[in-house]
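Report on the structure
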Amino acid sequence: MADTISKSARKKKNNNVAASLYGLRPAVVVAVVDAVRQGHAERVRHLIRPLHYCDVADLLERLPSDLRNQVVDYCRKTLDPEVLPELDDGVRGEVLEILEPKQVAAAVSGLNTDDAVEVLEVLDSDALEEILNKVEPVDRQFIEEGLSHPPDSAGRLMEREFVAVVQSWTVGEVIDYMRESTNLPDDFYDIFVIDGQSRELVGSIPLNKLLRSRRAVRINVIMKNDITIIPAAMDQEDVANLFRDRDLVSAPVVDDANRLVGMITVDDVVDVIDEEAEEDLMKLSGIRKTDFYQDMIETTRRRFSWLGVNLITAIGASIVIAVFAETIEQVVALAILMPIVASMGGNAGTQTLTVAVRAIAMRDFGPGKASRFILKEVSVGLANGALFAVIIGAISSLWFGDHILGVVIAIAMVLNLVMAGLCAAMVPFLLDRWGIDPAVASTVILTTITDVIGFLTFLGLATVFLL
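In this text, all values refer to a predicted model and were calculated from it rather than measured experimentally. (Residues numbered from 1 in each chain as written. Predicted model: local features only at pLDDT ≥ 70, side-chain atom pairs only at ≥ 80, totals over all residues. Heavy atoms only, no water.)

Now for the confidence of the model for the chain. Caution is warranted with low-pLDDT regions, since their predicted coordinates should not be read in detail. Looking at the chain as a whole, the pLDDT averages 85, with 87% of positions reaching at least 70. Least confident of the elements in the chain is helix α1 (residues 2–21), whose mean pLDDT is 50; most confident is strand β4 (residues 230–231), at 95. (pLDDT = per-residue confidence, 0-100. Helix = DSSP H or I, 4+ residues; strand = E, 2+ residues; numbered from the N terminus.)

Before going further, it helps to examine the sheet that holds strand β6 (residues 260–265). Spatially, three strands are ordered β4-β5-β6 in an open sheet, and the strand pairing comes out mixed. Two strands in the sheet have a free side with no partner beyond their single neighbour: β4 and β6. Two strands pair when backbone bridges link them, and strand β5 (residues 250–254) and β6 are joined in this way by five bridges, in the antiparallel orientation. Each bridged residue has a counterpart across the sheet, and for V254 the counterpart in β6 is L260. (Pairing = 2+ DSSP bridges.)

This structure, assessed with the given rule, holds three aromatic pairs. With 5.5 Å between their ring centres and 65° between their planes, W169 and Y177 make a pair best called edge-to-face. When the ring of W399 is compared with that of F400, the centres are 4.8 Å apart and the planes differ by 20°; the resulting orientation is stacked. The class for W399 is exposed, based on a relative accessible area of 51%. Of the residues examined, F400 reaches a relative accessible area of 28% and is grouped as partly exposed. (Phe/Tyr/Trp six-rings, centres within 6.5 Å; stacked < 30°, edge-to-face > 60°. Buried < 20%, exposed > 50% of the residue type's maximum accessible area, 1.4 Å probe, protein only.)

What follows deals with the packing of helix α20 (residues 333–361) against helix α21 (residues 369–400). At their nearest, the axes of α20 and α21 sit 11 Å apart, and the two run at 160° to each other. If you check the angle between α20 and α21, you find them roughly antiparallel. Considering the relative orientation of α20 and α21, their crossing is right-handed. Together, A333, I336, L337, I340, M344, T352, V355 and A356 of α20 and F373, E377, F388, I392, S396, W399 and F400 of α21 make up the contact between the two elements. Residue classes in the contact of α20 with α21 are distributed as twelve nonpolar, two polar and one charged. (Axes fitted to C-alpha atoms, helices over the stretch in contact; angles between N-to-C directions. Parallel < 35°, antiparallel > 145°, perpendicular 65-115°, else oblique. Left-handed = near helix turned anticlockwise from the far one by under 90°. Contact = heavy atoms within 4.5 Å. Nonpolar A, V, L, I, M, F, W, Y, C, P; charged D, E, K, R; others polar.)

With that settled, the discussion passes to the nonpolar core. Counting residues in each nonpolar core, the largest one holds 46 residues, and the members touching the most others are V44, V71, L87, V108, L120 and I143. Here this core gets seven residues from one element, more than from any other, and that element is helix α2 (residues 26–37). Setting aside residues no more than four positions away along its own chain, L87 makes contact with A57, L60, E61, R92 and V95. Ranked by size, the runner-up nonpolar core spans 25 residues in total, among them V320, F324, A389 and F458. (Core = buried A, V, L, I, M, F, W, Y, C linked by side-chain atoms within 4.5 Å.)

The following block contains the structure:
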């Protein structure tokens, strides 16, 4: 216990230290809000100027729409382009509407192509065309190539700026090329090697290995041939799994002909991991990450359909209860106890469901693992069901002075927790096999199953043994 408290205290202290070094301070937010409300544009610019672009994005997301729009209007000529990729999609759309097309064009021209694509993909076709007409031809070509790839694919995620050299070059020639080139990416960790004639990717060289090699050494002597290659059409979630499994810092992206078209770096993958985890978590509750920034009407509209499905499933559970109306009328204690069985089944199933959905998303299930997982979760449901059956059975017997009632709810508890474990483990796999997102649909199905089975077993057993 003392060790747990000590760890908690250390974590809190470390968080406080990090907050003092990095992040947006509350005092700055208050000062910006006051300056905006007083109409002091220069004061707003003065407060924002020293902030890191991530903190500026954080500030804009914290402000209500009217104040946010005013801040963007005040800072439209000085806003760091790096702020735009850091914004939530909904907030970014509002900011882009305030900025003039030529300002957006100038901003995306100063970004890496992957960030530029991320900024512009939220726009409709007319607004996008208007902005691209004001972008330099080379930058426009890169952006249009990025937008041509499917959403959430490696092609959208990759940077078009990379260092590619011919395998017949020497180390000295590569170093001289990098010194003279004006189109190198801001950050890179590997140099990619291509065939001089076909332009196909044949290998790569870590930057540190190049710098430690003599100038006269040929590139094909020191390059790595066994490299991880990412097809442009690969889903970004699979890309993130590759980076995680193979400890990658960067990786080349190729087209169908194995020609090098871009590279993906670990900083972009970190964003993907965060986005995918957040998306799956919110799907389990039927919400979207933009709900925090949407107005009341839009949020209500988005959630209505999800709640409507839940209403239908709740009616199904109520029908089961109605079948046993006469039993409940004769044994009032059943009405008091029956929510316990359904609730325990729902909570136990949700725990299993969360593990299953995460495992599917992370591609953790290999041959034989699914069946072992299902068996384990059924066993866990049986064990927990037996333990809680003893507890609730004893409580019910003492509470209502009826030992048979205690036995009934104990049996119902075991059956419902076993079925909750079985269904929560199997439903995500079945949905995934049928091409349905398990994170979206599993919760509704599981809740219906645990409620119906919980009421059916408890009330059905009560009808048999008590009446």
